[in-house]
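Report on the structure
What follows is each chain in one-letter form.
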Amino acid sequence: RRPCGLNDARRPALVYLDLNHYINLARSAAGLETPDGYDSLLRVATAARQQDLAVFPLSGEHYVEMSGIRDPAQRTAVAAVMESLSGFRVLLGRVTLAELEIDAMIDALLGPGPAAERIDLLGPTFGWAFGMRGGLTIRDADGNDSSASMREEVGDREFERIMTEATLALERGMLAGPPDEEIAALRAAGYAPEKTREVTERRAQQERDLSARLDKEDRWRRGRLRDVVSASELTHEWLDQITRATLARGTTIGQVVREDRDRMRTFTEGMPSSRVAISLKTRYHRDGRHRWTTNDIHDIDALAVAVPYCDAVFTDKAARNALAASPELRPFGTFLP
């Protein structure tokens, strides 16, 4: 039987696992000590994947957080479990989803606009999480695509074998990260994973700044805190995307919401990923003692995609409690073990 709460109309079910669970699954696969339950979880998840009952998709946050594991051997072990359960099926990134949701809400409030491109929720490559489309190509010294000439030279079967092996190596390398001995050469070519961490730190600082303002005017914590968090979310996270979307329709966000508070709430709450992010941030900001970290930002980004678009989400205790205590998220019907 499938777990209670999963959508039986869709097979395979989409089941999202946080990185900490993949780490414990990798430890279990290696015969190392883990908390109770991970041996069973690994067996059941593997069987569900093999029987096409469930897919365990990766997200952009998995790739970002994997880069924070310093031990290459541990990254490789965790990546192997991720590969076996996900098959490198990757969820759309949060930015792409937000752009689609913004367009959908403009359509809902103003009427249908031009037909939008259809984009699948799951893609076959890490690039799906970072706004990239297409697969691996072969280029000559001048940067031109030489895939066709190589196919003609080696034949279809050999070409497909080469591309399959190269694609698999690329996907594994992007997930597990480079071995220590390659980092110097990669840095010389521009490899700088700390840049992503710097952006995440700036976003965490934005939440600290908001928390400091709430400390000075505590009435907001006791009152319309969700409205405050919603305004901050749209202003700091999605202003550029909203501006581009409204310009493409020849309008402005002011004309979309008409300075109407209920209409603005309809706009923000109608975007599933933003609803989740706002709910989590509101829960955390309600507690003036909460100390914002980059891990909070990673969790919120991952759950903003996973909770509304997956059937089940296995996260950590604090995030799970915040999700379960948010009644506005229950219409998603997400199973939260």
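What counts, and where the lines are drawn
- Residues numbered from 1 in each chain as written.
- Predicted model: local features only at pLDDT ≥ 70, side-chain atom pairs only at ≥ 80, totals over all residues.
- Heavy atoms only, no water.
- Helix = DSSP H or I, 4+ residues; strand = E, 2+ residues; numbered from the N terminus.
- Rg over C-alpha atoms; globule rule 2.2 N^0.38 Å.
- Areas by Shrake-Rupley, 256 points an atom, 1.4 Å probe, with all protein chains shown as cover.
- Lys, Arg positive; Asp, Glu negative; His and termini not counted.
- Charge placed at Lys NZ, Arg CZ, Asp CG, Glu CD.
- Pairing = 2+ DSSP bridges.
- pLDDT = per-residue confidence, 0-100.
- Contact = heavy atoms within 4.5 Å.
- Patch = residues over 30% accessible without salt bridge, like charges linked within 9 Å, V, L, I, M, F, W, Y side chains within 5 Å.
- Salt bridge = Lys/Arg side-chain N within 4 Å of Asp/Glu carboxyl O.
- Buried < 20%, exposed > 50% of the residue type's maximum accessible area, 1.4 Å probe, protein only.

Before going further, it helps to spend a moment on the overall build of the protein chain. Counting its secondary structure elements, the protein chain contains 17 helices and five strands. Against the globule reference of 20 Å for 337 residues, the protein chain gives a C-alpha radius of gyration of 22 Å, in line with a compact fold. On the principal axes, the C-alpha backbone points of the protein chain span a range of 65 × 55 × 45 Å. For the protein chain, the exposed surface amounts to about 18200 Å²; the carbon and sulfur share of it is 52%. If you average the places of the 46 positive and of the 52 negative side-chain charges in the protein chain, the two averages end up 7 Å apart.

This paragraph deals with the sheet that holds strand β1 (residues 13-17). Taken together, the three strands give an open sheet; going across it, the order is β2-β1-β5, and neighbouring strands pair in parallel fashion. Looking at the sheet topology across the chains shown, the edges are occupied by β2 (54-55) and β5 (312-314). Pairing analysis gives three bridges linking β1 to β5, with the strands arranged parallel. The residue bridging Y16 from the neighbouring strand is V313, located in β5.

Attention now goes to the confidence of the model for the protein chain. Model confidence for the protein chain is summarised by a mean pLDDT of 90, while 97% of its residues fall at 70 or above. Every residue in residues 1-7 scores below 50 in pLDDT, and together they form 17 contacts with partners more than four places removed in sequence or on other chains.

Here the focus is a nonpolar patch on the surface. Residues L136, L170 and M174 make up a contiguous nonpolar surface patch of roughly 220 Å² in combined accessible area. For L170, the position within the fold is in helix α7 (residues 156-176).

Attention shifts here to unusual backbone geometry. Unusually for a residue other than glycine, F88 sits at a positive phi of about 60°. Position of F88 among the secondary structure elements: in the loop between α4 (72-86) and β3 (90-91). Of the residues examined, F88 reaches a relative accessible area of 7% and is grouped as buried. You will see that E259, though not glycine, has its phi angle at about 50°, which is positive. Among the structural elements, E259 can be located in the loop between α13 (253-257) and α14 (261-269).

With that out of the way, let us pick up the pairing of β1. Most of β1 is tucked away: five of the five residues are buried. Every second residue of β1 is oriented toward a common face, with A13, V15 and L17 on one face and L14 and Y16 on the other, all of them buried. As paired strands, β1 and β2 are joined by two bridges and run parallel to one another. If you follow L14 over to β2, its bridge partner there is V55.

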